[in-house]
Amino acid sequence: MSDPRDELFYKQKHVHDLLDDGELKLSEDYCRKYMDYLQKAKTERLAVSEAVELAKKYGFHEFDRSAPIKAGDKLYRSVRGKLLLLAVVGRESMAEGANICAAHIDSPRLDLKQIPLYEQNELAYFKTHYYGGIRKYQWVTIPLELHGVVALKTGENVTVNIGADPADPILYISDLLPHLAAKQSEQPLAKAIPGEKLNIILGSLPVKDDKGADRVKLNVMKILNEKYGITEEDFLSAEIEAVPAFPVREAGLDRSLIAGYGHDDRVCAFAELQAIYETEAPEKTAVCILADKEEIGSVGVSGMISEAFECFMGDLCDKQSVKLEHCFERSFCVSADVTNAFDPTWPEVSELRNNSKLNYGVGIAKFTGRGGKSGSNDASAEVMGKIRRIFAQSDVVWQYAELGRVDEGGGGTVACYMGNRNIDTVDAGVPVLSMHSPYEIVAKHDCYMTYKAMKAVYASK
Ligand code: MN
Ligand code: MN
């Protein structure tokens, strides 16, 4: 006799129990590609340039707004090198709406200040201003690398890249030795490392045979000038980011996990990318968004609030004489962003019935926000029903994903900005351990399921 619980109770399933050998191999192959991408895409600019390079291999070309479009066209537009929009034109008109997946490619990090370079007691340093929600104590005594651009007065751009090549030196922020940290150790974690102490050590050698001041700073500036042709004033118009110099590695004795910097949210960004790369002439136009600035409020020209999105979608609509608002009204969006994986070492912050777990697939969230869902998109029951239907039709293993216990804290995604545009939107993404830390953990099976989820959304009717 069958157990009525099998039919009546909701039961989440471990992805590993559901994949046959063939699909286990697909999961491994997909994760290999993701790890390669993550290793290269350490900043939003690099995430865009790597994505564009791959897109071209899959037949995408830059969207020319003066040229006609037809079903199956694969288009992309890079907005200032920091926001990337891709589309595969559907067989139906834009009037029927588009299937949109939106992830972000900026990650918490340390930005150099605009006047960063100084010398103190014969060591040279960069001052930093952290970007996004970091726990400052995690960013000291780890290897750092620098990426970014310096915009010269001539209009020329210089690309900065120090520490990514194993032959390069790495950079570093010091912390107190325990022997002298008695006072610091009594501070709460949030106060033990003040932001103004996140100073990056650049060098310790003075210029020889020089009687002037700041001989170590001068030596560092000479090295930078030789390598990049820049002077100190050029930092004023630079965007240089210090990010962890850790390699992306398999983690766990069973190699089931991936350790890396910036899974939030490049793990969802890559799932969208690989899915749209492989999408051919879908019924509805498929749109992939890799947005910048999510970690600081989705603001600015390259954030999800930017009209750059309307500009791209409007250009597509104009080609078919469709009103943009009418396209939005019928569109469907998955805001693909990571969620917190239940951490058995810290169970007290989660409510396990509703929290996502590693290896249970892509996590769907009806709402995000904090303190009574504040600031959340809060998808409708109908939208939740639709995503269940899409995933069921494509054998996507998914779970529910509320971020933590009620009133424990909370988070946000770009979902509300899509909802504000009159686009039906739901959150879905990969569960992460140690989110926003310099070295985050995800499970391979969840990465693979999120890629399958994005494919299913792009193929949906
Ligand atoms: Mn995120
Ligand atoms: Mn985040």
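Right above here is the structure, for reference.
Residues numbered from 1 in each chain as written. Chains lettered and ligands numbered in written order. Predicted model: local features only at pLDDT ≥ 70, side-chain atom pairs only at ≥ 80, totals over all residues. Heavy atoms only, no water.

(A) The arrangement of the sheet that holds strand β20 (residues 424-429) in detail. Strand order in the open sheet made by the nine strands is β1-β2-β3-β13-β4-β14-β20-β16-β18, with mixed pairing throughout. The strands lining the two open edges of the sheet, one partner per strand, are β1 (61-62) and β18 (398-400). Sheet topology note: the strand β16 (residues 362-365)/β18 ladder contains three bridges and is parallel. Among the inter-strand pairings, Val-362 is bridged to a residue of β18, identified as Trp-398. (Pairing = 2+ DSSP bridges. Helix = DSSP H or I, 4+ residues; strand = E, 2+ residues; numbered from the N terminus.)

(B) Here's a closer look at the side chain of Lys-127. Position of Lys-127 among the secondary structure elements: in strand β6 (residues 123-131). Of note is the side chain of Lys-127, whose polar atom sits 2.9 Å from the backbone oxygen of Glu-196. Polar contacts involving the side chain of Lys-127 include one to the side chain of Asn-199, which spans 2.9 Å. Excluding anything up to four places from it in sequence, Lys-127 contacts Asp-111, Leu-112, Lys-113, Pro-116, Tyr-118, Glu-196 and Asn-199. (Polar contact = N/O pair within 3.5 Å; in protein donor to acceptor, adjacent residues only side chain to side chain. Contact = heavy atoms within 4.5 Å.)

(C) Seen up close, the packing of helix α8 (residues 263-277) against helix α13 (residues 444-459). Direction vectors running N to C along α8 and α13 enclose 45°, while the axes themselves pass 8 Å from each other. The orientation of α8 relative to α13 falls into the category oblique. As α8 runs across α13, the sense of the crossing is right-handed. Residues Val-267, Cys-268, Ala-271, Glu-272, Gln-274, Ala-275 and Ile-276 of α8 pack against Cys-447, Thr-450, Tyr-451, Met-454, Lys-455 and Tyr-458 of α13. Tallied by class, residues from the contact of α8 with α13 come to nine nonpolar, two polar and two charged. (Axes fitted to C-alpha atoms, helices over the stretch in contact; angles between N-to-C directions. Parallel < 35°, antiparallel > 145°, perpendicular 65-115°, else oblique. Left-handed = near helix turned anticlockwise from the far one by under 90°. Nonpolar A, V, L, I, M, F, W, Y, C, P; charged D, E, K, R; others polar.)

(D) Layout of the pairing of strand β10 (residues 238-244). Here β10 lies mainly inside the structure; six of its seven residues are buried. Looking at chain direction, strand β5 (residues 109-120) and β10 are connected through two bridges and run antiparallel. Opposite Leu-110, over in β10, you have Ala-242 as the bridge partner. Here seven bridges tie strand β7 (residues 144-151) to β10, and the two strands are oriented antiparallel to one another. When the bridges of β10 are listed, Val-150 appears paired with Ala-238. (Buried < 20%, exposed > 50% of the residue type's maximum accessible area, 1.4 Å probe, protein only.)

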